[in-house]
Every structure is written in structure tokens, then in C-alpha cells.
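# Descriptive structure summary
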Amino acid sequence: MNGITGEQKFLGILAHISYFLGGLGFITAPLVIFLLKKDDPFVYEHAKQALIAHVSLLAVSFIVGAFCMLLIGVLLLPLIGILWVILFVTSILGAIKALNGEEYQYPFIQRFVNKL
């Protein structure tokens, strides 16, 4: 047994699956968990991973949206769809890892996560 409590697992799972909350809930939930659980390394790391992944997708979406106003972004719309699918799958994987009391790292964002 790794000593991870049910509450820790729940908060880790919540940070990852906040992707399904819609609106800015997918940013707010991991942010609140991240800020409130700095003293808990397990929850803190799961919330940090989810927060950076979700913020990254939001930033890319805004950039593509801006390019769409210039009509060249329409070509980038499939990229957003692919990124949403990747985030969906990786969020589920993160939630499963949290449920099992294990650490999880989202692909492609570790350079940003390590700076936090």
C-alpha cells in the first residue's frame, strides 16, 4: 500500500476529469486544488499536471481562434480537434493513475510543468 488516502485519490481524479466540466471549470477546478493542496505532494502534482495541460489547450484554442479571424486559422481547426482528443485520453489516463495512487505526467508539457 502506498499510503495514498481516498481523499487524495478523489482530488487527483477531479483535477484530471475537470476537463468534462465545460466552460472555465476545466481550468478552475485544477487551479483551486493546486492552490489549496500545496502541502500534499500527490494531489499537488496531479493538479499541476492537469492545470498546465488544460491551460495549454486553452491557449492554443485562443491562438487558433485569432488566426480564424484572419481566415488562415480555418486550416488549423483540425489541430484543435486532435488536441481535444489527446487531452480527453490523457485526462482519463491521469484519472486512472490517480485512482491507483500513482503519479502521472501528461505528454508534451513537462518542460512547462517543471518550471512551476
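Scroll up for the structure.
Residues numbered from 1 in each chain as written. Predicted model: local features only at pLDDT ≥ 70, side-chain atom pairs only at ≥ 80, totals over all residues. Heavy atoms only, no water.

## Considering the overall build of the chain
Per the secondary structure count, the chain includes 5 helices and 0 strands. Counting from the amino terminus, helix and strand elements in the chain follow one another as α-α-α-α-α. Taking 2.2 N^0.38 as the reference for a compact globule, 116 residues should give roughly 13 Å; the C-alpha atoms of the chain span a radius of gyration of 15 Å, in line with that estimate. A principal-axis box enclosing the C-alpha atoms of the chain has dimensions of 55 × 25 × 25 Å. Across the 116 residues that make up the chain, the buried fraction comes to 39%. For the chain, the proportion of contacts with a sequence separation of at least 24, taken over those separated by at least 6, is 66%. Surface summary for the chain: the accessible area is close to 6800 Å², and the carbon and sulfur share equals 75%. Within the chain, the 6 negative side-chain charges are centred at a point lying 9 Å from the centre of the 7 positive side-chain charges. (Helix = DSSP H or I, 4+ residues; strand = E, 2+ residues; numbered from the N terminus. Rg over C-alpha atoms; globule rule 2.2 N^0.38 Å. Buried < 20%, exposed > 50% of the residue type's maximum accessible area, 1.4 Å probe, protein only. Contact = heavy atoms within 4.5 Å. Areas by Shrake-Rupley, 256 points an atom, 1.4 Å probe, with all protein chains shown as cover. Lys, Arg positive; Asp, Glu negative; His and termini not counted. Charge placed at Lys NZ, Arg CZ, Asp CG, Glu CD.)

## Notes on the environment of Asn100
Mapping Asn100 onto the fold places it in the loop between helix 4 (77-99) and helix 5 (110-113). Take Asn100: its relative accessible area is 43%, and that puts it in the partly exposed class.

## What to know about the packing of helix 3 (residues 41-69) against helix 4
Contact geometry of helix 3 with helix 4 gives a least axis separation of 10 Å together with a crossing angle of 170°. Comparing the axis directions of helix 3 and helix 4 gives the class roughly antiparallel. Here Phe42, His46, Ala53, His54, Leu57, Val60, Ser61, Val64 and Cys68 of helix 3 come into contact with helix 4, specifically with Leu77, Ile80, Leu83, Trp84, Leu87, Ser91, Gly94, Lys97 and Ala98. When its residues are assigned to classes, the contact of helix 3 with helix 4 shows 12 nonpolar, 5 polar and 1 charged. (Axes fitted to C-alpha atoms, helices over the stretch in contact; angles between N-to-C directions. Parallel < 35°, antiparallel > 145°, perpendicular 65-115°, else oblique. Nonpolar A, V, L, I, M, F, W, Y, C, P; charged D, E, K, R; others polar.)

## Overview of a nonpolar patch on the surface
Nonpolar side chains collect at one region of the surface, where Ile17, Phe20, Val85, Phe88, Val89, Ile92, Leu93 and Ile96 lie side by side and expose about 650 Å² of accessible area between them. Residue contributions to the nonpolar patch peak at 6 residues, all from helix 4. Along the chain, Val89 falls in helix 4. (Patch = residues over 30% accessible without salt bridge, like charges linked within 9 Å, V, L, I, M, F, W, Y side chains within 5 Å. Salt bridge = Lys/Arg side-chain N within 4 Å of Asp/Glu carboxyl O.)

## Details of the environment of Val43
Tracing the backbone through its elements, the reader meets Val43 in helix 3. In sequence terms Val43 and Ser91 are 48 residues apart; their C-alpha atoms lie 15 Å from each other.

## Observations concerning the side chain of His46
Examined against the element boundaries, His46 turns out to sit in helix 3. A relative accessible area of 0% means that His46 is categorised as buried. Here His16 takes part through its side chain, which lies 2.7 Å from a polar atom of the side chain of His46. Setting aside residues up to four positions removed in sequence, His46 forms contacts with Gly12, Ala15, His16, Gly94, Lys97, Ala98, Glu102, Glu103 and Tyr104. (Polar contact = N/O pair within 3.5 Å; in protein donor to acceptor, adjacent residues only side chain to side chain.)

## Observations regarding the side chain of Lys9
Locating Lys9 in the fold gives a position in helix 1 (residues 6-17). One buried charge, Lys9, has no salt-bridge partner; the nearest side chain with opposite charge is Glu102, at 9.2 Å. Residue contacts for Lys9: discarding those within four places in its chain leaves Ile4, Phe42, Ala98, Leu99 and Gly101.

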